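The chain contents come next:
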Amino acid sequence: MTDCQGAESPMELYEKLTAQGDEVRALKTAKAEKAEVDAAVQLLLKLKVDYKKVTGQDYKAGCPPSENSVIPDNGPAADGADDEDTVDPWNVSTTNAKGVDYDKLIVRFGSSKVDQELVDRIEKVSGQRPHHFLRRGIFFSHRDMHQVLDAYEKQKSFYLYTGRGPSSEAMHVGHLIPFIFTKWLQDVFDIPLVIQLTDDEKYLWKDLTLEECHRFAVENAKDIIACGFDVNKTFIFSDLGYMGACPEFYRNVVKVQKHVTFNQVKGIFGFTDSDCIGKISFPAIQAAPSFSNSFPQIFGSRKDIQCLIPCAIDQDPYFRMTRDVAPRIGYPKPALLHSTFFPALQGAQTKMSASDANSSIFLTDTPKQIKNKINKHAFSGGKDTVEEHRKYGGNPDVDVSFMYLTFFLEDDEQLDKIKQDYASGALLTGELKKILIETLQPMIAKHQERRKQVTDEMVQQFMTPRPLNFNL
Ligand code: TRP
């Protein structure tokens, strides 16, 4: 559009854009001529640029411009232009066997890449070799990590916040990723950690009773404790337990609730008019632990202690909202470190899900179950016959067993050799699977051993509001 055209209001532009998005989709569905589709997409992109000029915001389907400040979220491509990845707190899927396109996700969510420079800085500031999750791009995206490190270098400490939605007793290996990494951060930076168990969230979203959700929270706490957290530096809480026990926490929930409109959560989370009001207000409860004065027993009345949240990237919508609200209620924005998803056994098109037993390796699986599941279900990038495999080699980029090894095999050289040998055909699928089986079996057995040592008293201790070892 040229400048000589009369200025349009944000709402007019929004409506035009929505109509144009529908048009593009309709053309694609009707398998229209490529030139026609391209022209329609071009117009759509132009409208988007205009929209941003006028509103200072990115267009997001289903989220009309509001007078309120808007969360910097570019949303799924409304132009339907080959962006097939779905990533939100409830769904993760892509058509690509290599998994979600994480570089695109960084652009879409407006976060920053964990690049070599940041990894080097973490090494320098912590004085420790960076965890292989950092070295290998598993924690691939962040918000404000440089600020956290700047402050830490000036002796200004921070705290960690992560969480888990206890939807069942069964945790799988993928659930461990954020906790393994959080434990590493706690160790190298020597900082306190709060872990939120959202039993309330699971009650609101699933067909479960309050009692069941709370019981799952306590059971899951045992698996989390088994990751090795230091009881003197870690507070684990269930929302159903802590919300009523800590007025300061509830005050922060209410503050957030007052500063986010229904319109905004609709845009961020896709809630509709028929979602229960519990869901609509829940994001405020996941936001509250990002503010240090939600934990007076740990931080006193200090409200300015920086929070760092390690989590899987699907949780980012909650924290985009939190970061938008924070300055308006007088708090620092939490920083974030985002991980990729842990692929399902069947392939990286979806993430591992506890509700699909065949897609998952559970923390309770026996060595035999682990072996059978991997041999039977782990999607292979190998060739159909040994002859072909030897001749053409396998494809580690789509091979689930190889992907799992990038998460759990610590030795970089060994991993590299496996990759090369697999790609050249020297290593067969069965042999690759055997390496994975022999990596996971002892790892899970050790986890089970540690979990057995976790007594009810220990859980109680972790879950009791109390001061932690933290010098302000
Ligand atoms: N909503 C998350 C889930 O369903 C649980 C959660 C709460 C969380 N607070 C968090 C996860 C902070 C990561 C970081 O699993």
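Model, not experiment: these values are computed from the prediction.

Some words on the site of the ligand
Every one of the 14 residues lining the ligand counts as a neighbour, but Tyr-161, Gln-196, Glu-201, Gln-286 and Gln-315 are closest to it. One nitrogen or oxygen atom from the main chain of Gly-165 is found 3.1 Å from an oxygen atom belonging to the ligand. Between the ligand and Glu-201 there is a distance of 3.0 Å, counted from a nitrogen atom to a side-chain nitrogen or oxygen. Isolated, the ligand exposes 370 Å² of accessible area, and the fraction of that covered by the protein chains is 89%. In this structure, the ligand is accommodated by the largest pocket. Of all the secondary structure elements, the ones that give two or more residues to the shell around the ligand are strand S5 (158–164), helix H8 (199–205) and strand S8 (306–312). When residues of the shell around the ligand are assigned to their parent elements, the largest contribution, 4 residues, is made by S5. Classifying every residue of the shell around the ligand gives 4 nonpolar, 7 polar and 3 charged.

A few points about the environment of Ala-97
In this fold, Ala-97 is placed in the loop between strand S2 (92–93) and helix H3 (102–109). On the basis of relative accessibility, which here comes to 23%, the residue Ala-97 falls in the partly exposed class. Once the C-alpha coordinates of Ala-97 and Gly-110 are considered, the two residues, 13 residues apart in sequence, prove to be 24 Å apart. Excluding its chain neighbours within four sequence positions, the residues that come into contact with Ala-97 are Ala-348, Gln-349, Asp-397, Val-398 and Met-403.

Things to note about the layout of surface pockets
Of the volumes computed, that of the largest pocket is approximately 1,100 Å³. Around the largest pocket, the lining comprises 43 residues; the ones closest to its centre are Arg-164, His-175, Asp-314, Gln-315 and Lys-351. Elements that contribute at least two residues to the lining of the largest pocket include exactly S5, helix H7 (173–189), H8, S8, helix H15 (316–325) and strand S11 (347–351). When residues in the lining of the largest pocket are grouped by element, the largest group, 5 residues, is from H7. Of the residues belonging to the lining of the largest pocket, the class tally is 19 nonpolar, 18 polar and 6 charged. The calculated volume of the second largest pocket comes to roughly 740 Å³. If you trace the second largest pocket, you find 31 residues lining it, with Lys-98, Tyr-102, Arg-136, Gly-137 and Thr-340 closest to the centre. For the lining of the second largest pocket, the elements supplying multiple residues, two or more each, are H3, helix H4 (116–126), strand S4 (139–143), S11 and helix H18 (400–408). Its residues assigned to classes, the lining of the second largest pocket shows 16 nonpolar, 7 polar and 8 charged.

Definitions and cut-offs
Residues numbered from 1 in each chain as written. Predicted model: local features only at pLDDT ≥ 70, side-chain atom pairs only at ≥ 80, totals over all residues. Heavy atoms only, no water. Near = heavy atom within 4 Å. Polar contact = N/O pair within 3.5 Å; in protein donor to acceptor, adjacent residues only side chain to side chain. Areas by Shrake-Rupley, 256 points an atom, 1.4 Å probe, with all protein chains shown as cover. 1 Å grid on protein atoms, 1.4 Å probe; cavity = no way out; pocket = protein on both sides within 12 Å on 5 of 7 lines; lining within 4 Å. Sits in = over half its atoms within 2 Å of the grid points. Helix = DSSP H or I, 4+ residues; strand = E, 2+ residues; numbered from the N terminus. Nonpolar A, V, L, I, M, F, W, Y, C, P; charged D, E, K, R; others polar. Buried < 20%, exposed > 50% of the residue type's maximum accessible area, 1.4 Å probe, protein only. Contact = heavy atoms within 4.5 Å. Points joined across faces, edges and corners; volume = space filled by probe spheres on them.

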